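Structural overview for review
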Amino acid sequence: MARPLLPDDLWDEIAPLLPPPRPRPKGGRRPIENRAALTGILFVLRSGLPWEMLSAEMGCGSGMSCWRRLRDWQAAGVWSRLHHVLLERLHAAGQIDWSRACLDSASVPAKKGGPATGPNPTDRGKPGTKRHLVTDARGTPLGFCLSGANRHDSVMMAATLDAIPPLRNGRRGRPRRRPDKLHADKAYDARARRQECRARGIVPRIARRGVESSEKLGRHRWVVERTHAWFNRFRRLPVRYERRADIYEAFTSLAASLITLNQCRRFC
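All values derive from a computational prediction rather than experimental measurement. Residue positions are given per chain, counted from 1 along the sequence in the order it is written. Reporting in this predicted model follows two pLDDT cut-offs: at least 70 for local features of residues, and 80 or more for side-chain atom pairs to be given and counted; totals over whole chains, interfaces and linings ignore these cut-offs and use all residues. Only hydrogens and water are removed before side-chain values are computed, so all heavy atoms of the structure are retained for them.

A word on the overall build of the chain
Inclusion rule: Each helix corresponds to a stretch of at least 4 residues labelled H or I by DSSP, and each strand to a stretch of at least 2 residues labelled E; elements are numbered beginning at the N terminus. Computation of the radius of gyration draws on C-alpha atoms, with the globule rule given as 2.2 Å multiplied by the number of residues to the power 0.38. The classification of residues rests on relative accessible area computed with a 1.4 Å probe and restricted to protein chains. Under 20% of the type maximum is buried, over 50% is exposed, and intermediate values are partly exposed. Contacts are assigned to residue pairs that have any heavy atoms within 4.5 Å of one another. Only the protein chains shown count as cover for residues, and the accessible areas themselves come from Shrake-Rupley with a 1.4 Å probe.
A tally of helices and strands in the chain yields eight helices and six strands. Secondary structure elements of the chain occur, N-terminal to C-terminal, as α-α-α-α-β-β-β-β-α-β-α-β-α-α. In summary, the chain has a C-alpha radius of gyration of 19 Å against a globular reference of 18 Å for 268 residues, a match within 12%. Reported as C-alpha extents along the three principal axes, the dimensions of the chain are approximately 65 × 50 × 40 Å. Residue burial in the chain is summarised as follows: out of 268 residues, 48% are buried. Here the contacts in the chain between residues at least 6 apart in sequence split such that 67% fall between residues at least 24 apart. With an accessible surface of roughly 13,700 Å², the chain has 50% of that area assigned to carbon and sulfur atoms.

If you want it as structure tokens, here you go:
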């Protein structure tokens, strides 16, 4: 039996994070329910369908109503908090492998341009966005950043590492947010990048130019490539159609939460 677009365990995690409805002193038409709007958002994220083509028969309201709910919840920090909550659930179960993390980026075309885009040197200078991602040793997305496709991978290393939220495990002690080691490819081979790792208490394991063959992905780094492939299963992400960076970031953060939820189902 196929899993519903919005299963109960996902709704149970999101519902407490949603802001209360705005007061409507002048009345007016009743807004669509949050669960219905979220179902429409998930359908667009997974299918890649344009907002205006969202079917009214799904009971999710109009595409623009779902778009506004996605925008408002992004502004309220719902998606980042959802990812944080799910990561803490994994961490409390001891299912985040902090022994090593992997870092890499992936570029996607940005059809309409906008903030966090730039000429992609690998796509004839067409506008593009780059997703910088850090995962644990099992491929769980710990944090990500977005930049223009012309931004070099290495200069975003510190920002991507700092995007990992502090995670508590339900016991006393300081929250954890740093892996023991960081694996990265030759694009990050620079003294400054290794210093950034050591300043954060992380042992750098960065491939060196002229030493490691580029023909193989690496014994440990393949997991981050697999996670980028998981992101691309959400058909709204391989091509950025949103001019607004906050909307594309909201979709990316929601996808990271869904991937993390799958890890929770698998290991917790």
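Looking at the packing of helix α4 (residues 78-92) against helix α8 (residues 245-267)
Cut-off, in case you're wondering: Only C-alpha atoms enter the line fits that serve as axes; for helices the fit covers just the stretch in contact. Angles between N-to-C directions range over 0 to 180 degrees. Our angle categories are set so that under 35 degrees counts as roughly parallel, over 145 as roughly antiparallel, 65 to 115 as roughly perpendicular, and the remainder as oblique. Two helices that cross are described as forming a left-handed crossing if the nearer one is turned anticlockwise from the farther one by less than a right angle, and a right-handed crossing if clockwise.
Relative orientation of the contacting elements α4 and α8 amounts to 20°, with a least axis distance of 9 Å. One finds that α4 runs roughly parallel with respect to α8. Helix-helix and strand crossings are classified by hand; for α4 and α8 the assignment is left-handed. For the pair α4 and α8, contact is made by Trp79, Ser80, Leu82, His83, Leu86, Leu87, Arg89 and Leu90 and by Ala250, Ser253, Leu254, Ala256, Ser257, Thr260, Leu261, Gln263 and Cys264, respectively.

Let's talk about the environment of proline 23
In this fold, proline 23 is placed in the loop between α1 (8-14) and α2 (34-47). Spatially, the C-alpha atoms of proline 23 and isoleucine 202 are 48 Å apart, while their sequence positions differ by 179 residues.

Points about the nonpolar core
Rules: Put simply, buried Ala, Val, Leu, Ile, Met, Phe, Trp, Tyr and Cys residues joined by side-chain atoms within 4.5 Å make one nonpolar core.
Within the largest apolar cluster, 44 residues are counted, with the highest numbers of intra-cluster contacts made by Trp79 and Phe251. Residue assignment for this core shows that the elements contributing at least two residues are α1, α2, α3 (63-75), α4, β1 (101-109), β4 (141-148), α7 (222-232) and α8. The leading source of residues in this core is α8, at ten residues. Those residues within four positions of phenylalanine 251 in sequence are excluded, and the remaining contacts are Ile41, Val44, Leu45, Trp51, Leu70, Arg236, Leu237 and Glu242. In this structure, Leu87, Trp98, Met157 and Cys264 belong to the second largest nonpolar core, which totals 19 residues.

Some words on the pattern of salt bridges
Rules: Counted as salt bridges are all cases of a side-chain nitrogen of Lys or Arg within 4 Å of a carboxyl oxygen of Asp or Glu.
For the coordinates displayed, the defined rule picks out 14 salt bridges. Note that aspartate 162 is salt-bridged to arginine 200, the shortest N-O span being 2.9 Å. Pair noted here: aspartate 162 is in helix α5 (residues 157-162) and arginine 200 is in the loop between α6 (191-199) and β6 (203-206), with a separation of 38 residues, a long-range link. Taking relative accessible area as the criterion, aspartate 162 reaches 35% and is therefore assigned partly exposed. Across the pair arginine 176 and aspartate 180 runs a salt bridge whose closest N-O atoms are separated by 2.8 Å. Salt bridges linked by common partners bring Asp162, Arg178 and Arg200 together as one network.

Here we look at the pairing of β6
In summary, the side chains of a regular strand alternate between the two faces of the sheet. Where we set the bar: For two strands to count as paired, DSSP must find a minimum of two bridges between them.
Side-chain alternation along β6 places Pro204 and Ile206 on a buried face and Val203 and Arg205 on a face that remains uncovered. Inspection of the sheet shows strand β5 (residues 181-184) paired to β6 by four bridges, in the parallel sense. Bridge assignment links alanine 184 to a residue of β6, and that residue is isoleucine 206.

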